[in-house]
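# A closer look at the structure
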Amino acid sequence: MAKALIITWEKYQDHELIYPYYSLKENGYEVTLVANKQGKIWGSLGSHMTCDVETKIFESEEIRQKYLNEYEILLVPGGVKALEKVRQEKGVLKFIQEWNAADKTIFSVCNGAQLLISAKILQGRTLSGYYSIDVDIENAGATYSRGPVVVDGNIISCPHYDFMGEWMRTAYQVHNERNKK
């Protein structure tokens with residue numbers, strides 16, 4: 001079974017984690033949620049996810065390699081409060097750099113782009129993200145696009161949960177095309 005990894009923190013943006021989580025499962029992916037603690041984590045709107053959540057998963061080279069080898073999609077949901085925390089985790093940033101260097105698929109929505117900015121993987125790319133971080137994206141060396149779905153190589157981005165249906169459909173198409181066997 002194909003595997004997808006979602007990286008987040010408490011106070012994630014509810015829509016941007018729950019919809020993709022179940023969409024991935026519906027499309028046949030085994031989904032692992034990585035966050036700051038195990039058990040229930042709460043979104044900024046009060047919803048919660050009870051999943052197999054692992055803590056500080058990226059501190060070990062062995063664990064990072066396991067996820068790099070076994071997973072094919074990395075999904076980064078938004079949530080300003082969540083991204084303020086997760087983007088400070090050096091192990092997460094290193095993992096994203098390694099994932100990107102391996103040219104593996106990244107789905108990013110809204111403020112999820114902040115994690116990609118902190119990982120310093122956007123130089124020369126075109127990306128969408130929440131409208132208020134357009135300057136941050138540009139300061140990271142990327143071109144900001146207001147498009148509802150932006151595809152640049154292995155990164156498929158979206159500015160807001162209003163466009164998540166189109167974003168997920170496009171992301172699956174791009175991922176499947178890039179990974180034809």
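Residues numbered from 1 in each chain as written. Predicted model: local features only at pLDDT ≥ 70, side-chain atom pairs only at ≥ 80, totals over all residues. Heavy atoms only, no water.

Moving on to the pairing of strand β6 (residues 73-76). Residues I73 and L75 point to one face of β6 and L74 and V76 to the other, with burial holding for every one of them. One ladder, built from three bridges, connects strand β1 (residues 3-7) with β6; its direction is parallel. When the bridges of β6 are listed, A4 appears paired with I73. Note that β6 and strand β7 (residues 105-109) share four bridges and pair parallel. Paired with V76 across the two strands is S108, which belongs to β7. (Buried < 20%, exposed > 50% of the residue type's maximum accessible area, 1.4 Å probe, protein only. Helix = DSSP H or I, 4+ residues; strand = E, 2+ residues; numbered from the N terminus. Pairing = 2+ DSSP bridges.)

Glancing now at the packing of aromatic side chains. Applying the stated criterion to the full structure yields seven aromatic pairs. Considering the side-chain rings of F95 and W99, the 5.5 Å spacing of their centres and the 45 degrees angle between planes classify their relative orientation as tilted. Here F95 and its partner W99 are both found in helix α4 (residues 90-101), four residues apart, which amounts to about one turn of the helix. For the pair F107 and Y172, a centre-to-centre distance of 6.0 Å together with 75 degrees between the ring planes defines the contact as edge-to-face. Remark: Y172 occurs in helix α7 (residues 164-178) and F107 occurs in strand β7; sequence separation between them is 65 residues. Here the two residues F107 and Y172 agree in accessibility, since each one is buried. Three or more aromatic residues joined by ring pairs form one cluster here, namely Y29, F107, W167 and Y172. (Phe/Tyr/Trp six-rings, centres within 6.5 Å; stacked < 30°, edge-to-face > 60°.)

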